[in-house]
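Observations on the three-dimensional arrangement
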Protein chains: 2
Amino acid sequence: MAERISEAEFQVMEVLWRDSPLTAQDVAARLEATGWSLTTVKTLLSRLAAKGALATTEDGRRYLYAPAVDRAAIAAGESRRLVDRLFGGRPAPLVAHLAERGELSSADIAELEALIRELKQ
Amino acid sequence: MAERISEAEFQVMEVLWRDSPLTAQDVAARLEATGWSLTTVKTLLSRLAAKGALATTEDGRRYLYAPAVDRAAIAAGESRRLVDRLFGGRPAPLVAHLAERGELSSADIAELEALIRELKQ
DNA sequence: GCTTGACGACTACAGGCGTAATCGATACAT
DNA sequence: ATGTATCGATTACGCCTGTAGTCGTCAAGC
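Residues numbered from 1 in each chain as written. Chains lettered and ligands numbered in written order. Predicted model: local features only at pLDDT ≥ 70, side-chain atom pairs only at ≥ 80, totals over all residues. Heavy atoms only, no water.

A separate point is the protein's contact with DNA strand D. Near DNA strand D, the surroundings consist of 18 residues, among which A:Gln25, A:Arg61, B:Ser6, B:Trp36 and B:Thr43 are the closest. For DNA strand D, the backbone portion of the atoms within 4 Å of the protein, that is sugar and phosphate, comes to 61%. The separation between a base nitrogen of DNA strand D and a polar side-chain atom of B:Thr43 is 2.7 Å. B:Arg47 places a side-chain nitrogen or oxygen 2.9 Å from a base nitrogen of DNA strand D. If you tally residues by element for the surface near DNA strand D, the top one is helix H3 (residues 38–50) of chain B, at four residues. Grouping the amino acids of the surface near DNA strand D by side-chain chemistry returns four nonpolar, six polar and eight charged. (Near = heavy atom within 4 Å. Polar contact = N/O pair within 3.5 Å; in protein donor to acceptor, adjacent residues only side chain to side chain. Helix = DSSP H or I, 4+ residues; strand = E, 2+ residues; numbered from the N terminus. Nonpolar A, V, L, I, M, F, W, Y, C, P; charged D, E, K, R; others polar.)

Written as structure tokens, this is what we have:
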């Protein structure tokens, strides 16, 4: 459990979080933009299945793949790792960093503001 | 430029961001908690110097190491990567995630609130 | 001067990752 | 029935990473 997922693997997961179950072909088709060959995608699918991040069900001679882990759980874990590692666990400096580089649109700021208001109660 | 720094390497950088220049010995001493051998630390220092993240000045027969990259720049870059990858570039969902898991203390929330207020002008 | 200890350089090596080709089996079309 | 396309499994391979040992050299103490 709690197996780490690499970046390329994560992109594969994204496809399946969006729509599943899918065959290897389908997944590869949706990853056309990456330029990866079909075999590359199959390798990633196998590795993900091996580490328990994907569930497979047989469909004749092939597999249908579906996520076995929650996207939110992965995202939360990664976020926490980063915030711990870079900012001693405090999220404000992270936001400050993003802000400093002009990475925050006013929509982002409004969104954060609303979120904060909500958190305060 | 823009060479990526691995996690172990990052820990070495942390030491030098806190206090520099230092000899390999000194760095290793401050990383005692990791249990790494002296040679391991030296390897990491070499790799960091090779990728331009550290500057070295000769001090007799040995080197003094000092950061050649800004901690803030690294942190900002990593933050952006994560937010892009996991949250489509929008930081609010990240904060929401941290909040959802009870990762935010009321001090954190206050800090964020102050930051937002500042950003709004 | 000779030994010894410390230094950086070089070498090592297993595991993960990105990327992919090949292989053996099977389903399907003819 | 036979050829062909397709599947997953297996193998490949170079790079990065974590972790560390060895080597040649030089400085310092005796």
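Next up on the list: the protein's contact with DNA strand C. The local shell around DNA strand C holds 18 residues, among which A:Ser6, A:Trp36, A:Thr43, B:Gln25 and B:Arg61 are the closest. Protein-adjacent atoms of DNA strand C, using a 4 Å cutoff, are sugar or phosphate at a proportion of 59%. Within the side chain of A:Ser6, one N or O atom sits 2.5 Å away from a phosphate oxygen of DNA strand C. In this structure, B:Tyr63 approaches DNA strand C through a main-chain N or O atom, which is 3.1 Å from a phosphate oxygen. Contributing elements (two or more residues each) for the surface near DNA strand C: helix H1 (7–18) and helix H3 (38–50) of chain A together with helix H2 (24–30), H3 and strand E2 (62–67) of chain B. Broken down by element, the surface near DNA strand C gets its largest block of residues, four residues, from H3(A).

Next up on the list: the environment of A:Ser6. Residue and element names in this part refer to chain A. Here Ser6 lies in the segment before H1. A residue is classified by how much of its surface remains accessible, and Ser6, at 34% relative accessible area, is partly exposed. Each C-alpha atom, one on Ser6 and one on Ile116, is 32 Å from the other, the two residues being 110 residues apart in sequence. (Buried < 20%, exposed > 50% of the residue type's maximum accessible area, 1.4 Å probe, protein only.)

One copy of the chain maps onto the second through a rotation around an axis plus a translation along that axis. Overlaying chain B on chain A yields an RMSD of 0.1 Å, the required transformation being a rotation through 180° with an accompanying axial translation of 0.0 Å. Taken together, these values place the two copies in the relation of a two-fold axis. When each C-alpha of chain B is compared by its distance to the rotation axis, B:Glu113 comes out closest, at 3.7 Å. A symmetric contact is evident, with 100% of the interface residues of chain B recurring at the interface of chain A. (Least-squares fit on C-alpha atoms with pLDDT ≥ 70 in both. Contact = heavy atoms within 4.5 Å.)

What follows is about the interface of chain B and chain A. If you look at the interface, chain B gives 39 residues, while chain A gives 39 residues. Overall, the association of chain B and chain A removes approximately 3800 Å² of surface from exposure, summing both partners, and the carbon and sulfur fraction of that is 68%. The closest approach of N and O atoms between A:Glu111 and B:Arg90, which form a salt bridge, is 2.7 Å. Inspection of the region where chain B meets chain A yields eight residue pairs in polar contact (both at pLDDT 80 or more). For the side of chain B that touches chain A, the secondary structure elements donating two or more residues are helix H1 (7–18), helix H4 (71–87), helix H5 (91–100) and helix H6 (106–119) of chain B. Top contributing element to the side of chain B that touches chain A by residue count: H4(B), with 13 residues. Its residues assigned to classes, the side of chain B that touches chain A shows 22 nonpolar, two polar and 15 charged. (Buried area = accessible area lost by both parts, 1.4 Å probe. Salt bridge = Lys/Arg side-chain N within 4 Å of Asp/Glu carboxyl O.)

With that settled, consider the side chain of A:His97. Tracing the sequence through the fold places A:His97 in helix H5 (residues 91–100). A:His97 gets classed as buried once you look at its relative accessible area, which sits at 14%.

Attention now goes to the pattern of salt bridges. Inspection of the entire model under this criterion finds 20 salt bridges over all chains. The salt bridge involving A:Arg30 is made with A:Asp19; its shortest N-O contact spans 2.8 Å. Of this pair, A:Arg30 sits in helix H2 (residues 24–30) while A:Asp19 sits in the loop between H1 and H2, placing them eleven residues apart in sequence. A salt bridge links A:Asp84 to A:Arg80; its shortest N-O distance comes to 3.2 Å. In this pair, A:Asp84 and A:Arg80 are both assigned in helix H4 (residues 71–87), four residues apart and thus about one turn of the helix distant. Here A:Asp84 falls in the partly exposed class, since its relative accessible area comes to 34%. What you see here is one network of salt bridges that share partners, running through A:Arg4, A:Glu78 and B:Arg85.

With that settled, the discussion passes to the pairing of strand E1 (residues 54–59) of chain B. Residue and element names in this part refer to chain B. Sheet analysis places E1 next to E2, joined by six bridges and oriented antiparallel. Bridged to Glu58 within E2 is Tyr63. Once E1 ends, the chain turns through two residues before running back antiparallel as E2, passing Gly60 with a positive phi of about 70°. (Pairing = 2+ DSSP bridges.)

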